[in-house]
Structure formats: C-alpha cells, structure tokens
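# Fold and contact review
Spelled out, the chains give:
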Amino acid sequence: MKGIKKSLTEEYLYLDLSHQTEGCIFPLHTSVTVFLLLYCDCKIFKVCLVLTRESTDISQIKNVLPQDVETQIISREELPSIVQNCCLPAAVERPGNFCRAGLAVVLRHIIQKSYEADPSKKEILELLGFKKTCLKACAEVSQWTRLCELTIPSAIENFIRESSEQPSAIPVEILQLEKKLSEPVRVHNDDKLRRQKLKQQKAAGVGLSLAKDKTKSKACNQEASEELDSPSKSLELEVAFSKLTAQEDPASANREPSHIRKVKASDLPPLEHVFAEGLYFTLADIVLLPCVHHFLVIICKKHSEKLVEFPLLASWYQRIQEVPKVKTAASKCGIQFLDLPELLTTSNEQHPNLSEVPGVEEQSDPSFIGGPRPTMTKLMEKGIEVMFSPHPCPTWTLDWNNLPAAVSPKEGEFFLSPFKFYSHSGYSL
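As recorded in an unreviewed UniProt entry, the protein goes by the name Glutathione S-transferase C-terminal domain-containing protein-like isoform X1, listed as coming from Trichechus manatus latirostris.

In structure tokens, the structure reads:
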C-alpha cells in the first residue's frame, strides 16, 4: 500500500516568469531552478511557469525555454490557493497540498527527489554538502544563504537592468563573494588535508631544486616551474574532483611521514577555495553560476577593464566548467560560457578594495579545528549524563551589538554550546 500511495503523489513546480533578455529567463530564481532540473536530469515535476505580468511576450519566452523540461504557462490567477500567497519558486505535492516555497528549500527538495528516483546518482546528493547542510539555514539567520539565495540574484538583476541605460557600479554583493573566495577553506578533515598539502609543497620544492641543479637550461626551469605552479596539480583540485568522480580521496591514501605530522597546526598552509563553499562542488555553485554568468556577460561587453576587481570569481567561473554535466546543462539553458582572460592573482594578492567591502566579517581566528561530533554525543559516549537546569543568572544579558556578527542570533551562522562555537554546517571554532 505504501508503494501505491507514493505512485499517486504528483509533484508540481511553480516558477515565476517575467521576461527574457539575451537568452536569460527572469527572474534569476527561475533560471537557477531550471538549470538544476537539467543538471539532475529531473523529470519528476510538472513545471508551471507563472506569468508575473500580462504583457509578457509568450512566443519569445518559449524560444529560450529548454526543450528537455516540459512546461506549461499559466497566469497567477490559476495558481492553487495554497501557493497564492507564497514567494515562488514553490513545489506542491498532490494530493495533500503540501507546499514548499523559497529558492533554497525548493532546490534542496529537487535534489532529494532526484536521488530518491535514482539512488545510483550519488553525485547529485553530494550537492547538499557536508552533513547535507548546504543552504539549509534560512536566509533570515544565515549570511551565506542570504547572499546566495537573495542578495546576489537581486543585485545582478538590478545591475543588468541598470546597465542597459547607463554604466553601473559593480554590485557590493559581487565583491562580498570575491572576498568570501579569498578566505581559507574550512572542512571537517582540515588538518589532514593541510598536512598533505605541506607534503606536496615540500616534494615540489625539492623537485624544483633538483631540476635547477641538474640543468640550467631555460626550457627545463620553465617546465619545473609550471609543474609547481599549475592549478591542475594542486591538492585542492585533486580532492575536489576525486569527490565528483567517486575516486579515492588523495589525502586519505597514506599516513604522513613523521616530519610532516610534527608540524604545528598554525604552521600548516591554508587550503584555498576550489568552489563556492570550499573544496567541493555544492548547491551553492549551482545557484551562483547562472547569476555570475549573466553578470560577466555584461562586464565583458561594457566594462571589461573591471574584470581585475574579481580574479578569484573569474577563476571559479572557469573552473566550474570542468565539472561533469555542467556544460551540458548550461548549453540546454542557453548559457554560452565566456572565455575569460587568465588573471594571475592568487588569494594572497587580493584587490585593495576587498578590505573595504561592507558586510563581510574578517576571519580573526587563524587556528581552525574541524569536524568534531556534537558535544552532547561526546558526553554520552563517555558515560556522562546530561542534566538540564535553569540558568543560574537569568537576568544576565549580552550586548550583541558589540560582538562579531557571526555569533549574533540575528545572523545564525554560529550557535553556542557550553564548550565551543558551532557553525550551522557542523564545524567548530
């Protein structure tokens, strides 16, 4: 009976549709959702495009809709009553009229349903990231979710609209993302990966020295230097793409030699961003790709000299094209990837304006310990009974305005335990 009930459930996906410009469907939330459907090859949902205004030229819209996604166009009056007061996108289960609304919630639901339909597609479930928490915290409490889900799509829509009339300033949100990409990566196996990177750097340094001693020819030195500096050789890329192709993690293959194990954590090299949230390709990258692409289209056409302001974002844009199935999904969406010039700027050579970007907290704690189990579980494993009691000083208050935004309940990026700060993604500080 359970299987029969499941087969009777129909899933409807409602997306806003206002207009299209140069192959881009607006609002960008709709472009992002369609891109994810194509990336996951998801056929589960009956997709309904909801006209936001009567004057929309349907014939032009149909020309840019992907043929792989069956859609029907409806008016807002035709929406089910449960969706009438919701911000789209929204997913509705029938019968039962269970509604999920909001970009992050709907995208996470698409991923989960796609995986349930075909459990062999484990790379789809990996989009949800560590402990399946990618964009799980709502935008009201998470700076990162708010940036990806709300402020970047909105800022880029405004930028595209204003650029058609007059030159526009680079959105602050783009500079915030650039600054985010310059921060050290934080992952649950942080220490192991950083030691592996140190080992790799030392080996590359020895190899370069031997090459210089053996021959002083220009060609040999150039080849050795390229091997050391090539992004394709970096540990971060190896780890990232081993995850995508279900290969063994190169960092977990062997135990490090004693001279590497003895190095203090504070002396280990930081990990650099490969994708938006760190080393791994996640839902955040899916959300950002259509938005960043259409932003870069305008930049390359009208403000190409400003590309130097976000070299890390440009590198991310080039790198994401190497992810399996991304180019296929993009071409079906009408996204023609740009060939950007190579900007030789690393995370250590940031643009001077990045330090002045508002809304992004500086990372003041260089020592990071990643991935412990929740405190309560640790106590219970040691046989310690957890007792709850009223706060001994209930009248105490904290002046949150004078504390970093990251620990504020208004932001929600971190919550307090009796012993540590925990981020919503499960990492401790």
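### Overview of the environment of Val 292
For Val 292, the location among the structural elements is in helix α12 (residues 283–302). In this structure Val 292 comes out as buried when scored by relative accessible area, which is 0%. Considered as a pair, Val 292 and Tyr 317 are 25 residues apart in the sequence and their alpha carbons are 7.8 Å apart. The residues contacting Val 292, other than those within four sequence positions of it, are Ile 156, Leu 177, Leu 313, Trp 316 and Tyr 317.

### So, the sheet that holds strand β1 (residues 10–17)
Within a beta sheet, neighbouring strands are joined by backbone hydrogen bonds and run either parallel or antiparallel to one another. Spatially, five strands are ordered β5-β4-β1-β6-β7 in an open sheet, and the strand pairing comes out mixed. With one partner strand each, in any of the chains shown, β5 (71–75) and β7 (98–101) form the two edges of the open sheet. The mean angle between the axes of side-by-side strands here comes to 25°, regardless of whether they run parallel or antiparallel. Sheet topology places strand β4 (residues 45–51) next to β5; five bridges connect them, and they run parallel. Paired with Cys 48 across the two strands is Gln 72, which belongs to β5. Contacts from helix α2 (residues 28–40) reach β1 and β4 within the one sheet, and its direction differs from that of β1 by about 140°. The sheet strands contacting helix α4 (residues 103–117) are β1, β4, β6 (90–94) and β7, and the helix crosses β7 at an angle near 120°.

### As for the packing of aromatic side chains
Inspection of every chain in the model, using the stated rule, returns six aromatic pairs. When the centroid spacing of 6.4 Å and the interplanar angle of 15° are considered together, the rings of Tyr 12 and Tyr 14 count as stacked. Overall, Tyr 14 belongs to the buried group, its relative accessible area being 2%. Aromatic pair Phe 295 and Phe 310: ring centres 5.4 Å apart, planes at 55°, arrangement tilted. Taken together, the residues Phe 295 in helix α12 and Phe 310 in the loop between α12 and α13 (311–320) connect sequence positions 15 residues apart. Given a relative accessible area of 0%, Phe 295 falls into the buried group. Residue Phe 310 is classed as buried on the basis of its relative accessible area of 0%. What links up through ring pairs into an aromatic cluster is the set Tyr 39, Phe 275 and Phe 281. Geometry around Tyr 12 places Arg 94 over its ring, the cationic atom sitting 4.2 Å from the centre.

What counts, and at which threshold
Residues numbered from 1 in each chain as written. Predicted model: local features only at pLDDT ≥ 70, side-chain atom pairs only at ≥ 80, totals over all residues. Heavy atoms only, no water. Helix = DSSP H or I, 4+ residues; strand = E, 2+ residues; numbered from the N terminus. Buried < 20%, exposed > 50% of the residue type's maximum accessible area, 1.4 Å probe, protein only. Contact = heavy atoms within 4.5 Å. Pairing = 2+ DSSP bridges. Axes fitted to C-alpha atoms, helices over the stretch in contact; angles between N-to-C directions. Phe/Tyr/Trp six-rings, centres within 6.5 Å; stacked < 30°, edge-to-face > 60°. Lys NZ or Arg CZ within 6 Å of the ring centre and 35° of its normal.

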